[in-house]
Every structure is written in C-alpha cells, then in structure tokens.
Amino acid sequence: MATSRNGWPAGDRTELDIRTFVVPGTDVHLALRADVAPLLLEMALWWHRTVEPLHADWCEGYSYRCVHGGDALSNHASGTAVDLNAPLHPTGRAGTLGRFRVAVTRKAASLGLRSGALHRRPDEMHVEVIVPAQRAAELVAALGTPPPPATPGPVLRRGARGGAVPEAQRLLAAWCPYLGLVVDGDFGPATEAAVRELQRRTGLATDGVLGPRTLRVLGISDLARAWAGGADVA
Ligand SMILES: [Zn+2]
C-alpha cells in the first residue's frame, strides 16, 4: 500500500479506518484515521482554547492528495494530519502564530506530532503525526481519555430522492442560476454538478456530496439532522 510522507498507509477512505470526529465543544468536523484521532483532536482542542477559536469551515483532516507543489502523498492522505484555521495561517507564510509559535510546536511534540511551522516551507496551519504506530498507541493511552465517538454527519448524495433534496436544489439553483438546475426532488447528475460548482466557488473540497460544510454554505445546516428522507450517512 502507498504511504504518505510520514510512513503511514495512505489510500482511499474505504481502505483506511477514517472516521469523522467532532472537536469537543466546537462544531468543527475532522475526518481522521481513527487510531491516531485522539492525538490530533487533543491538538485541535488545545489550539481552540489556547491559540484562537477554530472555525468549522477552515479546518481539514483526511484528504487524498499530494503535498503542495510535489508528487509525494500528503500526510492528509493517510488521515494523520490536520489543517487548523487554514486562511489565518497560509502555507509559505511565517509568523502567523505570533507569540504562540513555540507553544504550538511544543504541544505538538508532546503528542507525537509536528507543527508545519517547522517545515522548510512554513505551513503553520498544519500539524501531522510523526511517530510510528506503536508510539502513537502509547501516546493515545497516555491521554487517559477514551477516543471521542465518531459522529457521522448527515449528507445528501447522488441517488437521494425527496426529503431535503428539493430544498437543496432550490438553494443550489439560486447560487448557480446559469446551470439551469431543475427542482425535481431527484439528486441526479445535474444536482451533483451544481454541488461541485458551489463547492468550487466557495473553496470547499469538490466531492459533489452535500455534507455538513456544503450544507452550511447553503444556509440550511439546522435542517440537516432532521433530514431522514433521502439522507445518507458519510
Ligand atoms: Zn496540511
């Protein structure tokens, strides 16, 4: 199996035990490799309390992609890295952590992680696992808290009918009127294309799935949990 830069197996979501977690006390969802999730969640929670509040749309965990400007698989592709408040700490810019820089690197090190602030090309939003599996397991055990429960977010994807689909289509049609999306309550290829277009325009991952973040952009996140009809679980 391919590995990401830190030596952890990388691959498709179905090949790895990737689950979605909520950073406790926030509405930040992170998809992470389950066995190292407690370390990355502890880092995220500490960041939220110490550095600055985390913004739900600015944080990312698992993502199958290469490192910026290279062809090596990013540690995000193994679910062993997080980006926190990305727009506030753009890749390539040093100094965005201000007086917290040392605290961030130390906190990360204490959890078997490394801050991207230490990369040759600064990446201060980024924190990654740098220890092997056995050490990671010891560090997780040392946290003394059980891994937080995975909380799959509600999603609407291609094939869904009824339920919240018409409402989502109405909003998508308003966002992208030039696509001529028809509100028929059937999440087909045209709806999926509209979701991708919205995601592209708003800087989200373009997966064509209406998950928590995309729903929030549409302004209907409050309804999401009530959407049993047509809703699937990611
Ligand atoms: Zn990153």
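Residues numbered from 1 in each chain as written. Predicted model: local features only at pLDDT ≥ 70, side-chain atom pairs only at ≥ 80, totals over all residues.

Attention now goes to the overall build of the chain. Check the secondary structure of the chain and you find seven helices and seven strands. N-terminal to C-terminal, the α/β element order of the chain is β-β-α-β-α-β-β-α-β-α-α-α-α-β. The buried share of the chain, reckoned over its 234 residues, is 38%. At a minimum sequence separation of 6, the contacts of the chain that also span at least 24 residues come to 57%. (Helix = DSSP H or I, 4+ residues; strand = E, 2+ residues; numbered from the N terminus. Buried ≥ 20, exposed ≤ 12 C-beta atoms within 10 Å, placed from the backbone. Contact = placed C-beta atoms within 7 Å.)

Take the sheet that holds strand E3 (residues 81–83) next. Pairing is antiparallel in the open sheet, where three strands are placed in the order E3-E5-E4. Here the strands that pair on one side only, and so sit at the sheet edges, are E3 and strand E4 (113–115). Strand after strand, the sheet turns through a mean of 15° between neighbouring axes, direction not considered. Sheet topology places E4 next to strand E5 (residues 126–129); three bridges connect them, and they run antiparallel. Counterpart to Leu113 in the pairing with E5 is Val129. Docked against the sheet, helix H1 (residues 37–50) engages E3, E4 and E5, running at close to 155° with respect to E5. Together, E4 and E5 form the strand contacts of helix H2 (residues 101–110), whose direction differs from that of E4 by roughly 160°. (Pairing = 2+ DSSP bridges. Axes fitted to C-alpha atoms, helices over the stretch in contact; angles between N-to-C directions.)

Turning to unusual backbone geometry, a few remarks are in order. Here the phi dihedral of Asn85 falls at roughly 50°; this positive angle occurs in a residue that is not glycine. Following the sequence through the fold, Asn85 ends up in the loop between E3 and H2. Taking the C-beta count within 10 Å as the criterion, Asn85 has 21 such neighbours and is therefore assigned buried.

Of the two faces of E5, the one holding His126 and Glu128 and the one holding Val127 and Val129 are both buried throughout. In this structure, E3 lies alongside E5, joined through three bridges in antiparallel fashion. In the sheet register, Val82 faces E5, and the bridge partner there is Val127.

Another aspect to go through is helix H4 (residues 165–175). Of the residues making up H4, those classed as buried are Val165, Ala168, Gln169, Leu171 and Leu172. Projected down its long axis, H4 shows its buried positions confined to an angular sector of 165°, all on one face. The secondary structure elements touched by the buried residues of H4 are helix H5 (189–201) and helix H6 (212–218). (Arc of directions from axis to C-beta.)

Another aspect to go through is the packing of H1 against helix H3 (residues 133–143). Close contact between H1 and H3 brings their axes to 8 Å; oriented N to C, the two are set at 55°. In terms of orientation, H1 and H3 fall into the oblique class. Mapping the contact onto sequence places Pro38, Leu39 and Glu42 in H1 and Ala136, Leu139, Val140 and Leu143 in H3. (Parallel < 35°, antiparallel > 145°, perpendicular 65-115°, else oblique.)

Further remarks concern the environment of Thr20. Within the secondary structure, Thr20 sits in strand E1 (residues 18–22). Here Thr20 falls in the partly exposed class, since 19 other C-beta atoms lie within 10 Å of it. The spatial distance from the C-alpha of Thr20 to the C-alpha of Leu32 is 6.3 Å, given a sequence separation of 12 residues.

Looking now at the nonpolar core. One recurring pattern in soluble globular proteins is that nonpolar side chains are buried together. Counting 40 residues, the largest nonpolar core has Leu30, Leu32, Leu39, Leu40, Met43, Ala44 and Val129 as the members making the most contacts within it. Mapped onto this core, the elements with two or more residues apiece are E1, strand E2 (29–33), H1, E3, H2, E5 and H3. Core analysis: the next-biggest nonpolar cluster, separate from the first, contains 15 residues, Leu171, Ala194, Val195 and Leu198 among them. (Core = buried A, V, L, I, M, F, W, Y, C linked by C-beta atoms within 7 Å.)

A word on the environment of Gly11. If you trace the backbone, Gly11 turns up in the segment before E1. Note: C-alpha distance between Gly11 and Arg65 (54 residues apart in sequence) is 9.5 Å.

Moving on, we come to the pairing of E1. Alignment of E1 against E2, held across five bridges, turns out to be antiparallel. Opposite Phe21, over in E2, you have Leu30 as the bridge partner. Taking the residues that link successive antiparallel strands as the turn, the E1-E2 hairpin has six residues, and the phi of Gly25 there is positive, at about 80°.

Attention now moves to the confidence of the model for the chain. Scored by pLDDT, the chain has a mean of 86; 89% of the residues are at 70 or more. Residue range residues 222–234 is modelled with pLDDT below 50. Its contacts to residues more than four positions away, or to other chains, number 35 contacts. (pLDDT = per-residue confidence, 0-100.)

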